[in-house]
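Chains, contacts and geometry: an overview
Now for the letters of each chain:
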Amino acid sequence: MGTRSLTSGVRAGGGNTGWLWMSSCNLGLPVLPIFFLFWLLLAAPGARAAGYKTCPATKPGMLNVHLLPHTHDDVGWLKTVDQYYYGIEPDFLTFMPTVLSDVQHASVQYILDSVISSLLEDPTRRFIYVEMAFFSRWWKQQTRATREAVRSLVRQGRLEFVNGGWVMNDEAATHYGAIVDQMTLGLRFLQDTFGSDGLPRVAWHIDPFGHSREQASLFAQMGFDGFFLGRIDYQDKFNRKKRLRMEELWRASASLKPPAADLFTGVLPNNYNPPEKLCWDVLCSDPPVVDDRHSPEFNADKLVDYFLKLATSQKKYYRTNHTVMTMGSDFQYENANMWFKNMDKLIHLVNKQQANGSQVHVLYSTPTCYLWELNKANLTWTVKEDDFFPYADGPHMFWTGYFSSRPALKRYERLSYNFLQVCNQLEALVGPKANVGPYGSGDSAPLKEAMAVLQHHDAVSGTARQNVVNDYARQLAAGWGPCEVLVSNALAQLSNNKQNFSFCRELNISICPVSQMSEHFLVTVYNPLGRKVDHMVRLPVSEGLFFVKDPNDKSISSNVVMVPSAYSKMYQWELLFPASVPALGFSTYSVNQVSSHNHQARNQLTRPRKPKSRVIVIENKYIRATFDSGTGLLMKIENMEQNLSLPVSQGFFWYNASAGDEESSQASGAYIFRPSVRKPMAVSHWAQINLVKTTLVQEVYQNFSAWCSQVIRLYEGQRHLELEWTVGPIPVKDDWGKEVISRFDTPMKTKGQFFTDSNGREILKRRDDYRPTWTLNQTEPVAGNYYPVNTRIYITDGHMQLTVLTDRSQGGSSLKDGSLELMVHRRLLVDDERGVMEPLLETNTGDKVRGRHLVLLSSVSDAAARHRLLAEQEVLAPQLVLALGGSSPYNSQAAPKTQFSALRQELPPQVHLLSLARWGPKMLLLRLEHQFAVKEDSNRNLSSPVTVNLQDMFQTFTIIYLQETTLAANQPLSRASRLKWMTNTDPISYPAPSVLDPTSVTLQPMEIRTFLASVQWRDHS
């Protein structure tokens, strides 16, 4: 590639400062592309006028009370996104069976109109805004004059963006990749619109129901200086107040070297609501400030006295002479004048008391300016290393139900993340020809925005009303269409073959018209991982016999299996064949139906049969699973490769959901999990079973009841057991709400400990009835020990480890030694009184759910290598694209390709290609991640640093310029400056600057490195 010149940036703060690489072999481009120059200009530190420089003056020696005017605008909850934005009432006759009179009044467009007008009236006023899903929509509708006025407010720091993501995402049910994507989308909008003036310095999660450690780590890597929380456990908050730990440093990674994942974190005093008696919104009933002494309604003196006492009382729980009051709440400020007029008076009247000796100074402020004052206090702060799960807002009130609520939506979101990454990758690999091609105009943006919306803390969490959930699903479905066009264009370009592509969106219910109605069809399998994948393709077909040929036109083994428990009796045959797919590439297989007289093909046809022996075994050369034919239940799992054997009993149980009792009126609902008794009831103590054994798969079909069944399968060459469960509709005619779990019982001695992932990345140790930083008074021994499981949960006795991987977010626990349980579905009859005002009673869509648990039994020493790589394959599974027989060349000058890899060589197992996406006309976004933690794998040395050649990695494009950025790609890494904090732990060292060499990019354990690359695409022909 010729010689390489290196340019390093100037360090403005902590972090790796090697930032820009430019190839001297630049294909005739003598200067940086205009888009790249524009981006650098926007990100330049000299352009930053907002942030700390624009903060208002405070008064040393006094108690400074920072008023934080804000609105909290849910991106869907009781109303859909559009209903909230425009201020439309839902059509209950269409969407809901029961007409409810008490529906939230809200209109975001009027809130923003009103706030901007009020800010322009008085230069001292300030306001913060969070949700770019709403703000970007409002911005597009504004005149040039309004936009200039808003830009001026942002430049002056009077309109401040905090968080800056598309939404304020949930922290329990969200996968880290989707969090990064939605934050990148929102911060990209701010960067493009306001440059560095709009750069948020503070993360603001005031409403999510518990806080994950990984969320804090991601925020730190995005360059945030601080993080403010609204909701934390009521016992935790009591203890923090008592010990003056409402603010401390969160060390959010056990692998990343401090301060990479360190984030100053503060707990707000009143969740995110205004203090009592000080709410002046149209939605509030508090009296306004009346400062006319001649009025019989005069209340100014009383309010000032109340405010001074409140401020002094609140100060007792914080360490500096600064405190905050959140002046706003859900969808407030539709008439911003009401708020600001009363706060103007309050500020004037309170500060006037300083002449009489008052030591309280009140001012309009923002979270950023408050954080700045805390930093200037130069104090030493305590360090937190665990997380904030589970969250309870009172005895018997654990918000652990939403970990599992609406499992169908949770799965749809995870599938959509998978497909979006495929769409992004192919758009990046092919370039503009993916957007405009033989199949029409393709676009990744609609699915990106829909997926970002789904990360909202009332979306993927499953805590919105049914009509809103339906709308979330509608947005995802609408986003898939343009991506399917894009993927078709890209595959035609890469394969040089135009086919009648078809996408089977209903494979989860065994429906795929192309495979079921065609005698000849092609299956293209795309692999979004950086390594070769062996994948068992499974497609519904009509009854018959089939031959399958690989990309080299050679016949391969295949089976047709009869499925006894399908969703519909019409579709009861499935074709199986093994596919081998290269890294970041595709393989195309041809399938032909053949005559039933063909004896060779007849051998592939398999019907389930009733087992005859007392003990049933399914096995391959790695794993053996043993069942009791009397009960039909799993008895034992053996890892024959490592000579491990573990008795394992697995079955389905259900907790009777509490509707309230003498101890507490709290019921189970969309948010809250509260079983009426500690011991769950078995769905059945036995299962009717059928056995299937072929050359490719061995399966035990278990039928527990009319609404609960499972297939336990083992594919040839597979090192894990797959449990595919189907649950629902859960019967509730007995007037009992039910919360269904899959439970694994073993004799392992686990000392009351188990382990769960944090948003799919690092692993946290859990202990029953225990919190690492405070003494727990346990009021709910089941719900109070439930934790979010995003991708995996495991138990270990120090020798063996039993890991269960999930295909969506679920709640899970280990309530006794050697036991694991995961909640797969819940159907409830009572609302839990957290605002939704309808029970979690899904009907039709979402009432019947199918999912998978992947079970690994391994030695502790290599468990991480197994579950890390398997989880990666589960989250980014191969994408199937079918086509009817017949095709035409895309380019007559080149031969069609049936196999392709976009990588020159596979990535090492430690390296995960987290992001590959278009960023501009000739720019790409690239993220590489080390997916192992420190000291996690010693057998294969996978926890060691790893180095890759980024410059010579891809086949379809050449990297001309390379810029390293923060995680959200909105700041050059060399110019990202973060506040420094002193802690009561060992001193923190700040690494020296390093230059960027794209031929040698090193990743430390759990490190994510983000790049913007200017590229030139190659001719694929």
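You'll find the structure just up there.
Here the structure is a predicted model, which is why all the values come from computation and not from measurement. (Residues numbered from 1 in each chain as written. Predicted model: local features only at pLDDT ≥ 70, side-chain atom pairs only at ≥ 80, totals over all residues. Heavy atoms only, no water.)

Description of the side chain of threonine 806
- Among the secondary structure elements, threonine 806 is positioned in strand 39 (residues 800-806).
- For threonine 806, the side chain forms a polar contact with the main-chain oxygen of asparagine 790, separated by 3.2 Å.
- A polar contact is formed between the side chain of threonine 806 and the backbone oxygen of arginine 808, at a distance of 2.8 Å.
- In contact with threonine 806, other than residues within four places in its own chain, are Val789, Asn790, Thr791, Arg792, Leu822, Arg852, His853 and Glu874. (Helix = DSSP H or I, 4+ residues; strand = E, 2+ residues; numbered from the N terminus. Polar contact = N/O pair within 3.5 Å; in protein donor to acceptor, adjacent residues only side chain to side chain. Contact = heavy atoms within 4.5 Å.)

Overview of the sheet that holds strand 8 (residues 247-251)
- In space, the 5 strands of this open sheet follow the order 6-7-9-8-13, with mixed pairing throughout. Looking at which strands have only one partner, the edges of the open sheet turn out to be strand 6 (202-205) and strand 13 (383-384).
- Relative to strand 13, strand 8 is paired through 2 bridges, and the arrangement is parallel. Across the sheet, the residue bridging to tryptophan 250 is lysine 384, located in strand 13. (Pairing = 2+ DSSP bridges.)

Quick word on the state of the cysteines
- Applying the stated criterion across every chain yields a total of 4 disulfides.
- Shown here is the disulfide that connects cysteine 279 with cysteine 284, its sulfur atoms set 1.8 Å apart.
- Take cysteine 279: its relative accessible area is 10%, and that puts it in the buried class.
- Residue classification places cysteine 284 among the partly exposed residues on the basis of a relative accessible area of 22%.
- The partner cysteine of cysteine 504 in its disulfide is cysteine 512, sulfur to sulfur 1.9 Å. (Disulfide = S-S within 2.5 Å. Buried < 20%, exposed > 50% of the residue type's maximum accessible area, 1.4 Å probe, protein only.)

Side note on the pairing of strand 28 (residues 644-656)
- The buried fraction of strand 28 is high, at 10 of 13 residues.
- In the sheet, strand 27 (residues 634-639) pairs with strand 28 via 5 bridges, with the strands oriented antiparallel. Across the sheet, residue lysine 636 finds its bridge partner in strand 28, namely proline 647.
- Counting the residues in the hairpin turn of strand 27 and strand 28 gives 4 residues, including asparagine 643, whose phi is positive at 60°.

Considering the environment of valine 946
- With respect to the helices and strands, valine 946 occurs in strand 47 (residues 946-948).
- Considered as a pair, valine 946 and serine 1000 are 54 residues apart in the sequence and their alpha carbons are 9.6 Å apart.
- When sequence neighbours within four positions are dropped, the list of residues in contact with valine 946 reads Pro908, Gln910, Val911, His930, Val1001, Thr1002 and Leu1003.

Things to note about the packing of helix 7 (residues 176-194) against helix 15 (residues 445-454)
- Packing of helix 7 against helix 15 leaves a shortest axis separation of 9 Å and a crossing angle of 110°. Regarding the angle of helix 7 to helix 15, the classification is roughly perpendicular. Considering only the axes of helix 7 and helix 15, their crossing is left-handed. Along the contact surface, helix 7 presents Ala178, Gln182 and Leu185, while helix 15 presents Lys448, Glu449, Met451 and Ala452.
- Each residue belonging to the contact of helix 7 with helix 15 can be placed in one class, and the counts come to 4 nonpolar, 1 polar and 2 charged. (Axes fitted to C-alpha atoms, helices over the stretch in contact; angles between N-to-C directions. Parallel < 35°, antiparallel > 145°, perpendicular 65-115°, else oblique. Left-handed = near helix turned anticlockwise from the far one by under 90°. Nonpolar A, V, L, I, M, F, W, Y, C, P; charged D, E, K, R; others polar.)

Here's the deal with the side chain of lysine 384
- By the secondary structure assignment, lysine 384 is in strand 13.
- Side-chain polar atoms of lysine 384 contact the backbone oxygen of aspartate 387, separated by 3.2 Å.
- What lysine 384 contacts, discounting residues up to four positions off in sequence, is Arg240, Glu248, Leu249, Trp250, Arg251 and Thr773.

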